[in-house]
Amino acid sequence: MEIILPETGERVAAPRVFCIGRNYAAHAREMKSDVPETPMVFLKPSTALVPTGGAVVLPAASNDVHHEVELVVVIGRRGKNVPVSEAMAYVAGYAAGLDMTARDLQAEAKKKGQPWTVAKGFDTFAPLGPIARAESLPDPHACAIRLTINGEVRQEGSTADMIFSIPHLIAYCSTVFTLLPGDLIYTGTPEGVGPVHAGDVLEATVSGLPPLRVSVTR
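Residues numbered from 1 in each chain as written. Predicted model: local features only at pLDDT ≥ 70, side-chain atom pairs only at ≥ 80, totals over all residues. Heavy atoms only, no water.

> Mind showing me how you'd approach the overall build of the chain here?
Along the backbone of the chain there are 4 helices and 18 strands. For the chain, the C-alpha radius of gyration of 16 Å lies close to 17 Å, the compact-globule estimate for 218 residues. Counting only residues that meet the buried cut, the chain has 50% of its 218 residues in that class. Sequence separation of at least 24 residues holds for 77% of the intrachain contacts in the chain that already meet a minimum separation of 6. Summed over all atoms, the accessible surface of the chain reaches about 9200 Å², with 52% contributed by carbon and sulfur. (Helix = DSSP H or I, 4+ residues; strand = E, 2+ residues; numbered from the N terminus. Rg over C-alpha atoms; globule rule 2.2 N^0.38 Å. Buried < 20%, exposed > 50% of the residue type's maximum accessible area, 1.4 Å probe, protein only. Contact = heavy atoms within 4.5 Å. Areas by Shrake-Rupley, 256 points an atom, 1.4 Å probe, with all protein chains shown as cover.)

So this is what it looks like as structure tokens:
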């Protein structure tokens, strides 16, 4: 999936997708997991991206795919070892996103001490809404975040509840990876995750941003 960076119009054909696990305490509790002391980062392939209006395809390998609504940060500048105090200058825009998870495969991987890559990385497992300029969110740490399925609210929270703020996530990620224009950081999900089924219509919203709408198919 190609994305276009706000302001510069730069096209990125295969953006990298960094995801943050357990960045909301209530979600960590519902998953019976500890709250991490440093950001928990995992990656999805660019083939997991699907735009609004598209479809999440349920894989044959899983019988329990879950939704996780998130605020997505779009990186606009190359950066390495970015100071927290300068991190927001690297943000080009924001979008609503979904981190789809094959929960049964993830649970099995956790039991075996294996990575989550398969559970998180299927094609279409990273729906991404329209990207808005950074100034669209004067305070990205005070946004209502919500997911509805077939019009029914399933997740609802606030980005104010993130454990690690956006500047801290950018700074931390940049100590490991050289950040590049077009990189996406899915910042974590509030509580209320649950299953989706073929035929469902999902709408993810973050206040101040265009909504993300995808259907679910098998």
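> When you look at the side chain of His27 in this model, what are you seeing that I'm missing?
Relative to the helices and strands, His27 resides in helix H1 (residues 25–30). Its relative accessible area of 6% is what places His27 among the buried residues. Setting aside chain neighbours within four positions, we find His27 in contact with Arg22, Glu68, Thr189, Pro190, Glu191 and Val193.

> Help me out: how do you make sense of unusual backbone geometry in this one?
In terms of backbone geometry, most residues other than glycine have negative phi values and most peptide bonds are trans. Positive phi outside glycine occurs at Glu7, with the angle close to 75°. Along the chain, Glu7 falls in the loop between strand E1 (3–4) and strand E2 (11–12). For Glu7, a relative accessible area of 56% gives the class exposed. For Thr124, which is not glycine, the phi dihedral falls at a positive 75°. If you trace the backbone, Thr124 turns up in the loop between helix H3 (117–120) and strand E11 (126–128).

> Can you help me understand the pattern of salt bridges in this one?
Two side chains bearing opposite charge may form a pair once their charged atoms approach each other closely. Evaluated as defined, the whole model comprises 11 salt bridges. Here Glu152 ties to Arg154 by a salt bridge, and the two come within 3.7 Å at their closest N and O atoms. Looking at Glu152, the relative accessible area reads 46%, which means it is partly exposed. For Arg213, the salt bridge identified is with Glu203, shortest N-O distance 2.4 Å. (Salt bridge = Lys/Arg side-chain N within 4 Å of Asp/Glu carboxyl O.)

> Help me understand the side chain of Ser174, please; the structure alone is not making it clear to me.
Mapped onto the elements of the fold, Ser174 is located in helix H4 (residues 166–176). If we skip the residues at most four places from it in the chain, Ser174 touches Gly79, Lys80, Asn81, Val82 and Leu179.

> Please explain the packing of aromatic side chains as it appears in this structure.
The description of two aromatic rings rests on the distance between their centres and on the angle between their planes. Tallied over the entire structure, the rule returns 3 aromatic pairs. The cationic tip of Arg77 hangs over the ring face of Tyr90; the distance from NZ or CZ to the ring centre is 4.1 Å. (Phe/Tyr/Trp six-rings, centres within 6.5 Å; stacked < 30°, edge-to-face > 60°. Lys NZ or Arg CZ within 6 Å of the ring centre and 35° of its normal.)

> Would you explain the sheet that holds strand E10 (residues 101–102) in this entry?
Picture the strands of a sheet paired through backbone hydrogen bonds; they go either parallel or antiparallel. Within the open sheet, the 3 strands sit side by side as E10-E7-E16. Their pairing is antiparallel. The sheet terminates laterally at E10 and strand E16 (194–195), the two strands that pair on one side only. Where strand E7 (residues 65–67) lies against E16, 2 bridges are found, and the strand directions are antiparallel. When the bridges of E16 are listed, His67 appears paired with Gly194. (Pairing = 2+ DSSP bridges.)

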